[in-house]
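Spelled out from the first residue to the last, the chains are:
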Amino acid sequence: KKQVDKFDQYCACLGEDTRQLSSSLSKEERDSFFHDVRKIYHAIAAYLKSNLPLNNSFLRDVHVLHSSSRTKPEASDQIIRVARAVPGLLSSNAIDLLRDEWLSYSMEVIDDAWIIKKKSSCPDGRARIEYQRIDVYWNYVLSIQRTNGQLKYPTLNRLIKNILIISHGNAD
């Protein structure tokens, strides 16, 4: 029984055609198949670990752009490091202004509709939340105006837009 449960557990992750085909295999063939699959996944993971920039501090800091990061204590330092990492974009004075703008942004009341696109339920009853794309979220935030009609976050606007276009420029 334990072996059947293990087999069923692996099959839950397979496509339907593969699951049906694998059920016709002998125990030794199934074991060999899953052993080979594990080897493939280990090889892929090893390749990704050696080739992805997992220790890149810029990529770690740019996570500050996620809406959930705005109130974290380390967020203002992260946004400053991101600004310093983009040569020639902001002057020293602009980086000082950026810290103030980030503090103001961190206290801003943000409409949930800017973050959450849609809420629904899965067939099993769990809640399913679809979030707005990051550029949609920042478009809302960076459109906030002061009472005089000027943008509330002009320095943040310049930095965020330049950071968000990096992925588009590298997609080609």
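It should be noted that the structure appears before, not after, this text.
Quantities reported herein were computed from a predicted structural model and do not represent experimental measurements.

### Observations concerning the overall build of the chain
- When you go through the chain residue by residue, the secondary structure sums to nine helices and two strands.
- Each helix and strand of the chain, placed in order from N terminus to C terminus, yields the pattern α-α-α-α-α-α-α-β-β-α-α.
- Looking at the chain residue by residue over its 172 residues, the buried ones come to 26%.
- Sequence-distant contacts, at least 24 apart, represent 49% of the contacts inside the chain between residues at least 6 apart.
- By element, 53% of the accessible surface of the chain is carried by carbon and sulfur atoms, the whole surface being about 12300 Å².

### Observations regarding the packing of helix α5 (residues 75-85) against helix α6 (residues 92-107)
- One can describe the packing of α5 onto α6 by two numbers: an axis separation of 10 Å at closest approach and a directional angle of 145°. As for how α5 packs across α6, the hand of that crossing is right-handed. Side by side, α5 and α6 meet where A75, S76, D77, I79, I80, A83 and R84 of the first sit next to I95, L98, R99 and W102 of the second.

### Comments concerning the pairing of strand β1 (residues 116-121)
- Burial analysis of β1 places just zero of its six residues in the buried class, a small minority of the element.
- In this structure, β1 lies alongside strand β2 (residues 127-131), joined through five bridges in antiparallel fashion. Looking at β2, one finds that I116 is bridged to Y131.
- Where β1 hands over to β2, the hairpin turn is made up of five residues, of which G125 adopts a positive phi near 95°.

### Thoughts on the environment of N139
- As for its position among the elements, N139 is in helix α8 (residues 134-142).
- Put simply, N139 and W114 are 25 residues apart on the chain and 9.1 Å apart in space, counted from C-alpha to C-alpha.

### Examining the nonpolar core
- Core analysis: the largest hydrophobic core is formed by 28 residues, its most contacted members being L65, I79, Y105, W138, L156 and L159.
- Non-local contacts of L159, meaning those with residues more than four positions away in its chain, are made with I79, V82, A83, L89, L90 and L98.

Definitions and limits used
Residues numbered from 1 in each chain as written. Predicted model: local features only at pLDDT ≥ 70, side-chain atom pairs only at ≥ 80, totals over all residues. Heavy atoms only, no water. Helix = DSSP H or I, 4+ residues; strand = E, 2+ residues; numbered from the N terminus. Buried < 20%, exposed > 50% of the residue type's maximum accessible area, 1.4 Å probe, protein only. Contact = heavy atoms within 4.5 Å. Areas by Shrake-Rupley, 256 points an atom, 1.4 Å probe, with all protein chains shown as cover. Axes fitted to C-alpha atoms, helices over the stretch in contact; angles between N-to-C directions. Left-handed = near helix turned anticlockwise from the far one by under 90°. Pairing = 2+ DSSP bridges. Core = buried A, V, L, I, M, F, W, Y, C linked by side-chain atoms within 4.5 Å.

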